[in-house]
Amino acid sequence: MSIFRHFIDLIYPPRCSICEKFLWKNRAKRDQQELLFCEPCFHGFSEITSPLCPICGRPFVSEVDEDHLCENCLRKRPYYDAMRAPYLYEGGIMAAIHQFKYARKSHLANSLGFLLTSFAKKWLDKTDGTLMMPVPLHPRKLRERNFNQSLLLARYAAPLLGTELDFLSLKRIRYTQPQTGLKKDQRRKNVRKAFDLKNPDVVKGRDIILVDDVTTTGNTLNECARVLKKSGAKNVFCVALARTAVG
Ligand SMILES: [Zn+2]
Ligand SMILES: [Zn+2]
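Summarised in this report is the structure supplied together with it. In this text, all values refer to a predicted model and were calculated from it rather than measured experimentally.

**Focus on the coordination of the zinc ion (ligand 2)**
Here is step 1: In the first shell of the zinc ion (ligand 2), the protein supplies C53 (SG), C56 (SG), C70 (SG) and C73 (SG), at 2.3 Å from the metal.
Here is step 2: All donors to the zinc ion (ligand 2) come from one chain, and their sequence spacing reads C-x2-C-x13-C-x2-C. Pair noted here: C53 is in the loop between helix 2 (39-43) and helix 3 (71-75) and C73 is in helix 3, with a separation of 20 residues, a long-range link. Side by side, C53 and C73 carry an identical accessibility label, which is buried.

**A closer look at the nonpolar core**
Here is step 1: Ranked by size, the top nonpolar core spans 37 residues in total, and within it F37, L112 and L115 carry the most contacts.
Here is step 2: Only strand 2 (33-38), helix 2, helix 4 (91-101), helix 5 (108-123), helix 7 (149-161), strand 9 (207-215) and strand 10 (235-243) provide two or more residues apiece to this core.
Here is step 3: The element contributing the most residues to this core is helix 5, with eight residues.
Here is step 4: The contacts of L112, once residues within four sequence positions are left out, are F37, I93, A96, F100, L153 and L241.

**Some thoughts on helix 8 (residues 184-191)**
Here is step 1: Among the residues making up helix 8, those that are buried are R187, N190 and V191. Taken down its axis, helix 8 places every buried residue within 80° of arc, on the same side.
Here is step 2: Contact partners of the buried residues in helix 8: strand 8 (195-197) and helix 9 (219-230).
Here is step 3: Taken from the residues just after helix 8, K193 is the one with a positive phi, measuring 55°.

**Considerations on the side chain of D166**
Here is step 1: Residue placement: D166 occurs in the loop between strand 6 (164-165) and strand 7 (170-172).
Here is step 2: For D166, which is buried and forms no salt bridge, the nearest opposite charge comes from R206, at a distance of 7.4 Å.
Here is step 3: Within the local environment of D166, its side chain forms a polar contact with the backbone nitrogen of L168, the two atoms lying 3.0 Å apart.
Here is step 4: In terms of polar contacts, D166 uses its side chain to reach the side chain of S169, at 2.7 Å.
Here is step 5: Residue contacts for D166: discarding those within four places in its chain leaves L131, M132, M133, P134 and V202.

Scoring rules and cut-offs
- Residues take numbers from 1 onward in each chain, read along the sequence in its written order.
- Just so you know, chain letters begin at A and ligand numbers begin at 1, following the order they were written in.
- The predicted origin of the model limits local features to residues at a pLDDT of at least 70 and limits the giving and counting of side-chain atom pairs to 80 or more, whereas totals for whole chains, interfaces and linings rest on all residues.
- Processing note: side-chain calculations cover all non-hydrogen atoms of the structure and skip hydrogens and water entirely.
- Each metal's donors comprise the N, O and S atoms found within 2.8 Å of it (within 3.2 Å for Na, K or Ca). Water is not part of the atom list, so some coordination spheres may appear incomplete.
- Here a helix means four or more residues in a row that DSSP labels H or I, a strand means two or more in a row labelled E, and each is numbered from the N terminus.
- Residue exposure (1.4 Å probe, protein chains only): buried if accessible area is under 20% of the type maximum, exposed if over 50%, otherwise partly exposed.
- Take the buried Ala, Val, Leu, Ile, Met, Phe, Trp, Tyr and Cys residues and link them wherever side-chain atoms come within 4.5 Å; each set so joined is a nonpolar core.
- Here, two residues are considered to be in contact whenever any of their heavy atoms come within 4.5 Å of each other.
- Directions are taken from the helix axis to each C-beta atom, and the arc is the one they span.
- Charge counting follows a simple rule: Lys and Arg are positive, Asp and Glu are negative, and His as well as the terminal groups are ignored.
- Salt bridge, as used here, is a side-chain nitrogen of Lys or Arg placed within 4 Å of a carboxyl oxygen of Asp or Glu.
- Here a polar contact means two N or O atoms within 3.5 Å. Within protein one must be a hydrogen donor candidate and the other an acceptor candidate, and residues neighboring in sequence count only if both atoms are side-chain atoms.

The structure is reproduced here in structure tokens:
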């Protein structure tokens, strides 16, 4: 730890971003990386494990089954090649993502970015040479929130994964309602034609990693993937920090 960091920690002792207890002794640490969570809170994150759908990553309730295609993917293949998230969107990780997004605790980007990066490293065998794109916000939303949470995660992850970061080519051209609270078919319609690719040549023949903070139905990521594939992207892999169990 640098002297400067040590000094700052003495003046503003770091607290767990979930339970707000001081992190003197119980700070969660993984692979040398100190996280802004205490060990008990971090321990409570629900990791997603098999059996799951190999395409959309939806976890199944039964613990004995092997991975198999879910009903949705059997009926209609998504445009993306695969989507995964390390955690279920509930409990501690949900609280942390809320802090990150709505309480503007953007310093959480390091802890959350680290978790996303280590997961993506394990999941995708080869990431060098790929192009990383965060799901863009509409300019109006960006003005309201001041930052794009997915871009902060991607900015942390890209150099560690050896991917090129492009956060300008994919644009959100329609201001959409939040997906939460909408019915299944409304969600699909809501994001339909919401994105546009400014310069299609940048994705031609490339493998793309799309990054989002949370995914529910996967409709937003799928709509981005549709635009990318239409422009000639080779494979599109989606990674989010957390996902809902059903979508
Ligand atoms: Zn805690
Ligand atoms: Zn599926």
